[in-house]
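# Survey of secondary and tertiary structure
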Amino acid sequence: MKVFFTLFILLLTHISFAQPKQTVRGKVVDNETNFPLLNAKVEILTSDSTIKYRTLTDIEGDFILSNIPVGKHILVVSLYSHESKQQTIEVISGKETIVQISLIETYTEQPEVVILGRKKGEVINEMALLSAQQFSVEETNRYPGSRSDPARMASNFAGVQGADDSRNDIIIRGNSPLGVVWKVEGIDIPNPSHFAISGSTGGPVSILNNKILGNSDFFMSAFPAQYGNSISGVFDLKLRNGNNLNHEFTGQFGFLGTEFLAEGPMGKNKKASYLVMGRYSTLSLFKTLGISIGTDAVPTYGDFAYKFNWRLKNGGNLSLFGIAGASNIAIQISDQKTYSKELYGEGDRDQYFGTSMGVTGLVYKKTLNEKTFITSTIAISREKQHANHNLLVRHLDSTQTNIIVDSIYPLMGYYFTTIKTSGYFSVNHKLDKNHLLKCGINVDGYFFDMLDSVLDNSHFINRWNYKGTSVLIQPFIQWKWRMKENIDFTFGLHNQYFSLSNSFSQIEPRAGWKLRMKKDKAVFAGLGIHSQTQPNYTYLYHFQGTSELHNKKMGFSQSFHAGIGFEKAFKNKLNIRSEAYYQYLYRIPVTVTPSSFSMINMGSGFARFFPEQLQNTGIGYNYGVELTLQKYFDKSFFFMLSSSLYQSKYRGSDGVLRNTSYNGNHVSNILAGKEFKLNSKQSITISTKITYAGGKRYGYVNLAKSEAQKELIYSDSAFNERQFKEYFRMDLKINWKLNANKMTHEIGLDLINIFNTKNLLSLAYAPNLANPNAEPISVKQQLGFLPLFYYRIDFKAAVKKVQ
């Protein structure tokens, strides 16, 4: 505490009486063709709405407003040919505020629009009319418990919840986390998480750093035709450009990592910019310095990202981007000398586990004319998981407190490597003001190198031993029709082919409709068919004694989505939204031998699964209703109430209708935050989040099989019919911000599960060393109380004046 108090006092020395000011600049474009808009009027209204700052955009759609006081302001952009738009911006002294504003062309040309257009929070993708959300960097920072992680932030939305407090896998409307796709700049990327198990879509810590993200979209149902290979949800992430006029820097030190970011112009004409950042795990830094943190199983991870952007002479734009991370952990149970329960891992073995991923690519964008815009991305990515397990033979001494290790021998080891080359091309063409056509294609080429061996009695056997290639091709076409000024209709077709299993999807239609009514009301509906491949490693598993890949011919899982909703916008940034949905899942892989197994239940946790021979005959369904009441953070206060009631059922190959593993039946979140302005430079923000949800599903354990296989095996009878008690968690976040001269300081404290509620996660196989005859089953708990702190500083480089 003395250190933080000293730091606080030092920061106060930066305070002067003059209020700091900063620059606000950006670009205004057409939302469908990305064409720069000339002479758009840009205004900034200060928080008390008494002072206005005005300017017009130039021929490239750029604008700049200087000497804007720090604080929250309203930015308003208007043009006679487009609907006006407003958004709240926060100006800080340590960084320029840079925004890109997309305006929607009016149905009929008229004098300058007086009534403001679409509401805050509408998605970037012009084809999305249903079950879509836009999220920003500010939101991932603002919400308690989000940890600057897009996936954890999304779990605040109605219909979305976390699968496990210690991981960022998300359940969307009762679907497995396997159904989530991550996209960056148009291409699918590997799981962007540290310690990511093969085939999963989440992990304990995100590799994505929100400081490099621009405003992005999140889709939950009946998403537009350009998105494929998912039956659950899509994150469509945009990477922001660096500042092309001034060099700026950010440093942050916190529990989750120590990081640094730099951005600025390249070249004399300042038409190019760079943005680079890196992060390393703080806990491993403590260990290197010899500081004890209570356990030797310290997770080590690091990540970095970059984006270099060039404005080309012909009006095009070229970007080089990259995201990468690596992680390792050694859980050495053999080092334990006294009997206790280890926080991580299984209690009968040493485990060494590591993962890495990286993606880099080139993006070319060009507005050909006022009606046509093209995007092209080429990229290469690599992901790898590796592990070794050494089995321990141990016993307790006569005092029953000291552990004696009799022997250690190798039990299992594997490495899975996937290299992927990706290409994406799309063209937007505006036929006229009311008709937009978009078409394109995604192509992914895979190279697999997978090897796994496990001890079987006295010798090792291979479960994976494969090197080979495959390709996934996804063409699409979409059409948007503005039927009237207040009615939009979209229709699209998607198709995909996966060469590894020689699987073709049927032509998948997608459609959406939205009617905007008077008094800021709207109704909307949508439907679509979607397909998804299985986790790559499940195709390549083989039984003992044969090299035949018995699941290589698995087809796509498929689903039909339908939904309808209503929303109304009130004054003061208040919005209410409700949706009802139905999803039918079919062609889900289940075992050939009648059982309760279904791929519909896989996808969360730290374990791979080892499938028997599977066939695409399983089914399932999800349906529910959702409600969101949201007050956007405009001046000093925000809140959001999101609630969902749902059912999630499936049938395995035994024909029995059961709850899926993700059928919690209900989930509700309450978030609220208030900013207290201490003076013109300082503010304190306090926010909280409360989550109440149905408990996790589980069944009855087959003790004989569990002991024989040394892992938890459930009985088919009454599988998932038992449920843990209701889940409850409250988080609290407090942060203090100081805007000094050309520098911003921020200190934050994120208190996760402040009441240390003992939420239950699952059962686990855990032999009792003190009593070998005891039932080898224990209950795993969710994350307990976890305080996370950080200190952040943003500052600009001194500008040298040229004589």
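Coordinates for the structure precede this section.
Residues numbered from 1 in each chain as written. Predicted model: local features only at pLDDT ≥ 70, side-chain atom pairs only at ≥ 80, totals over all residues. Heavy atoms only, no water.

### Some points on the overall build of the chain
Helix and strand counts for the chain come out as six helices and 45 strands. Taken over the C-alpha trace, the chain has a radius of gyration of 27 Å; the compact-globule value for 803 residues is 28 Å, and the two agree within 12%. Scored against the burial criterion, the 803 residues of the chain give a buried share of 57%. A sequence separation of at least 24 residues applies to 66% of the contacts in the chain between residues at least 6 apart. Here the chain contributes 87 positively and 66 negatively charged side chains, and the mean placements of these two sets differ by 5 Å. (Helix = DSSP H or I, 4+ residues; strand = E, 2+ residues; numbered from the N terminus. Rg over C-alpha atoms; globule rule 2.2 N^0.38 Å. Buried < 20%, exposed > 50% of the residue type's maximum accessible area, 1.4 Å probe, protein only. Contact = heavy atoms within 4.5 Å. Lys, Arg positive; Asp, Glu negative; His and termini not counted. Charge placed at Lys NZ, Arg CZ, Asp CG, Glu CD.)

### Observations concerning the packing of aromatic side chains
Counting across every chain of the model gives 33 aromatic pairs. Seen in terms of ring centroids, phenylalanine 416 and tyrosine 537 are 5.9 Å apart; in terms of plane orientation they differ by 35°. Their pairing is tilted. Placement of phenylalanine 416 in strand β24 (residues 403-432) and of tyrosine 537 in helix α5 (residues 536-539) is noted, with a sequence separation of 121 residues between them. Each of the two residues, phenylalanine 416 as well as tyrosine 537, counts as buried. Here tyrosine 446 and phenylalanine 448 contribute two aromatic rings whose centre-to-centre distance is 5.6 Å and whose plane-to-plane angle is 15°, an arrangement assigned as stacked. Side by side, tyrosine 446 and phenylalanine 448 carry an identical accessibility label, which is buried. Members of the aromatic cluster, connected to one another through ring pairs, are Tyr414, Phe416, Trp464, Tyr537, Tyr541, Phe543, Phe597, Phe609 and Phe610. (Phe/Tyr/Trp six-rings, centres within 6.5 Å; stacked < 30°, edge-to-face > 60°.)

### As for the environment of leucine 500
In this fold, leucine 500 is placed in the loop between β28 (497-498) and β29 (503-504). For the pair leucine 500 and tyrosine 539, spaced 39 residues apart in sequence, the C-alpha separation works out to 8.2 Å. If sequence neighbours within four positions are ignored, leucine 500 has contacts with Phe448, Tyr466, Ser470, Tyr539, Leu540 and Lys552.

### Quick word on the sheet that holds strand β11 (residues 180-184)
If you walk across this open sheet you meet the five strands as β8-β15-β16-β11-β12, and the pairing is mixed. One side of each edge strand has no neighbouring strand; the edge strands of this open sheet are β8 (132-135) and β12 (187-188). (Pairing = 2+ DSSP bridges.)

### Here we look at the environment of asparagine 390
Following the sequence through the fold, asparagine 390 ends up in strand β23 (residues 372-396). Asparagine 390 sits 244 residues away from aspartate 634 along the chain, and the two C-alpha atoms are 55 Å apart. If we skip the residues at most four places from it in the chain, asparagine 390 touches Asp348, Arg349, Asp350, Tyr352, Ile408, Tyr409, Pro410 and Leu411.

### Quick look at the pattern of salt bridges
In the structure shown here, the tally under the stated rule is 40 salt bridges. The salt bridge involving lysine 271 is made with glutamate 60; its shortest N-O contact spans 3.5 Å. One end of the pair, lysine 271, is in the loop between β18 (257-266) and β19 (272-280); the other, glutamate 60, is in the loop between β3 (52-56) and β4 (62-69), and 211 residues separate them in sequence. The shortest N-O distance in the salt bridge between arginine 279 and aspartate 303 comes to 2.7 Å. In this pair, arginine 279 is assigned in strand β19 and aspartate 303 in strand β20 (residues 300-311), connecting sequence segments 24 residues apart. Comparing arginine 279 with aspartate 303 shows no difference in burial state: the two are buried. Residues joined in a network through salt bridges with shared partners are Arg173, Lys514, Glu567, Arg577, Glu579 and Glu626. (Salt bridge = Lys/Arg side-chain N within 4 Å of Asp/Glu carboxyl O.)

### Considering the nonpolar core
In terms of nonpolar packing, the biggest core is built from 44 residues, with Leu540 and Met599 touching the most fellow members. At the level of elements, β21 (316-331), β23, β24, β25 (435-456), β26 (459-484), α5 and β33 (574-591) are the ones that each hand at least two residues to this core. When neighbours within four sequence positions are excluded, leucine 540 is seen to be in contact with Phe448, Met450, Arg463, Trp464, Tyr466, Leu500 and Leu549. Counting 41 residues, the second largest nonpolar core, distinct from the first, contains Val180, Ile189, Phe235 and Tyr424. (Core = buried A, V, L, I, M, F, W, Y, C linked by side-chain atoms within 4.5 Å.)

### Quick notes on a nonpolar patch on the surface
A contiguous nonpolar surface patch, about 320 Å² in accessible area, is contributed by Ile477, Phe491, Leu493 and Ile507. With respect to the helices and strands, the residue isoleucine 477 is situated in strand β26. Look at isoleucine 477 and you get partly exposed, because its relative accessible area is 37%. (Patch = residues over 30% accessible without salt bridge, like charges linked within 9 Å, V, L, I, M, F, W, Y side chains within 5 Å. Areas by Shrake-Rupley, 256 points an atom, 1.4 Å probe, with all protein chains shown as cover.)

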